[in-house]
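Structural overview for review
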Amino acid sequence: MTQAFLLYGLTTVIFLVLDFVGIQFLIRPIFERNVGHLLAEPLRLGPAALFYLGYVAGLVWLVSWPALKGNDPVHALIGGLIVGLMCYGTYEMTNYATLADWSWEQVIVDGLWGTLLTGFSAWAGVIALSSRFN
């Protein structure tokens, strides 16, 4: 059980640190350019925290924990990429379909970012914990 909590904590930290950097330098400029008038000021931290904690919990449950138990970090990477593509793809394509100002640039950049971020975070969490316990 301790291993599961460590995996969740490590994956959460990796995901949050990388996403903070990605949002600041990659995602936010694109969103400001296309839908800046829709961005909340200040950022609503409560809903953001709920998303991150739930998203990483789902990632760990569905992908990282089975990969750690099977000692298969590549499974974590591939599974994470698939989960990221599904989740970020759903968000981006739904917004593109329903919001007039949503752009293909947002769909492509944020979709790729979320896919890679999710895959890498799952992989890195498993690698970090595998090296600690092996």
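Residues numbered from 1 in each chain as written. Predicted model: local features only at pLDDT ≥ 70, side-chain atom pairs only at ≥ 80, totals over all residues. Heavy atoms only, no water.

1. Focus on the overall build of the chain
What counts, and what does not: Only DSSP runs of H or I covering at least 4 residues are called helices, and only runs of E covering at least 2 are called strands; the numbering of each starts at the N terminus. With the radius of gyration taken over C-alpha atoms, the globule rule is written as 2.2 Å times the number of residues to the power 0.38. Note on classification: 1.4 Å probe, protein chains only; a residue is buried when its accessible area is under 20% of the maximum for its type, exposed when over 50%, partly exposed between these limits. Any two residues whose heavy atoms approach within 4.5 Å are treated as being in contact. Reported accessibility uses the Shrake-Rupley method at a 1.4 Å probe radius. Residues are deemed covered only where the shown protein chains occlude them.
Each helix and strand counted, the chain has four helices and zero strands in total. Each helix (α) and strand (β) of the chain, taken in turn from the N terminus, gives the series α-α-α-α. Radius of gyration (C-alpha) of the chain: 16 Å, near the 14 Å computed for a compact globule of 134 residues. Taken along the three principal axes of its C-alpha coordinates, the chain extends 50 × 25 × 20 Å. For the chain, the proportion of its 134 residues judged to be buried stands at 37%. Sequence separation of 24 or more characterises 79% of the internal contacts of the chain that already satisfy a separation of 6 or more. Carbon and sulfur atoms make up 73% of the accessible area of the chain, which totals about 7900 Å².

2. Observations concerning a nonpolar patch on the surface
Rules: Exposure above 30% relative accessible area and the lack of any salt bridge qualify a residue for a patch; like charges then connect within 9 Å, and the nonpolar side chains Val, Leu, Ile, Met, Phe, Trp and Tyr within 5 Å. Basic side-chain nitrogens of Lys or Arg form a salt bridge, by our definition, when they fall within 4 Å of a carboxyl oxygen of Asp or Glu.
On the surface, L18, V74, L77, I78, I82, M86, F120, W123 and I127 cluster together into a nonpolar patch covering about 750 Å² of accessible area. Secondary structure elements with two or more residues in the nonpolar patch: α3 (73–98) and α4 (104–133). The biggest single contributor to the nonpolar patch is α3, with five residues. Relative to the assigned elements, I78 resides in helix α3.

3. Overview of the nonpolar core
Convention followed: Grouping buried Ala, Val, Leu, Ile, Met, Phe, Trp, Tyr and Cys residues that are joined through side-chain atoms within 4.5 Å yields what is termed a nonpolar core.
Core analysis: the largest hydrophobic core is formed by 23 residues, its most contacted members being L7, F15, V63, A76 and V126. When residues of this core are traced back to their parent elements, those giving at least two are α1 (2–35), α2 (45–69), α3 and α4. Ranked by the residues each element gives to this core, the list is headed by α2, at eight residues. Look past the residues within four positions of A76 in its chain and what remains in contact with it is V63, A67, G119, A122, W123 and V126.

4. Side note on the side chain of T115
The topology assignment puts T115 in helix α4. What T115 contacts, discounting residues up to four positions off in sequence, is G80, L81, G84 and L85.

5. Section: the confidence of the model for the chain
For the record, the criterion: What pLDDT reports is the predictor's confidence in each residue, on a scale of 0 through 100.
Of all residues in the chain, 98% attain a pLDDT of 70 or more, and the chain-wide mean is 96. Looking over the chain, one finds the lowest element-wise mean pLDDT in α4, namely 94, and the highest in α3, namely 98.

6. Topic: the packing of α2 against α3
Applicable threshold: Note on geometry: axes are lines fitted to C-alpha atoms, helical ones only across the stretch in contact, with angles between N-to-C directions running from 0 to 180 degrees. Left-handed describes a crossing whose near helix is turned anticlockwise from the far helix by less than a right angle; the clockwise case is right-handed. Polarity classes work like this: nonpolar for Ala, Val, Leu, Ile, Met, Phe, Trp, Tyr, Cys and Pro, charged for Asp, Glu, Lys and Arg, and polar for all others, with Gly in that last group.
Between α2 and α3, the least distance of the axes is 9 Å, while the angle of their chain directions is 145°. In this structure, α2 meets α3 at a crossing whose hand is right-handed. Only H75, A76, G79, G80, V83, G84, C87 and Y88 of α3 make contact with α2, whose side of the interface consists of F51, Y55, L59, V63 and A67. Classifying every residue of the contact of α2 with α3 by side-chain character gives nine nonpolar, four polar and no charged.

7. Considerations on the pattern of salt bridges
Note on pairing: side chains with opposite charge can pair once their charged atoms come close. One pass over the full model with this rule turns up three salt bridges. Residue R28 is joined to E32 by a salt bridge in which the shortest nitrogen-to-oxygen separation is 2.9 Å. With R28 and E32 both in helix α1 and four residues apart, this pair spans about one turn of that helix. When the shortest N-O distance is used, the salt bridge between R33 and E105 registers 2.8 Å. You can see R33 sitting in helix α1 and its partner E105 sitting in helix α4, a full 72 residues away along the chain. By relative accessible area, which is 33% here, E105 ends up partly exposed. Counted as one network, the salt bridges with shared partners bring together R28, E32 and E41.

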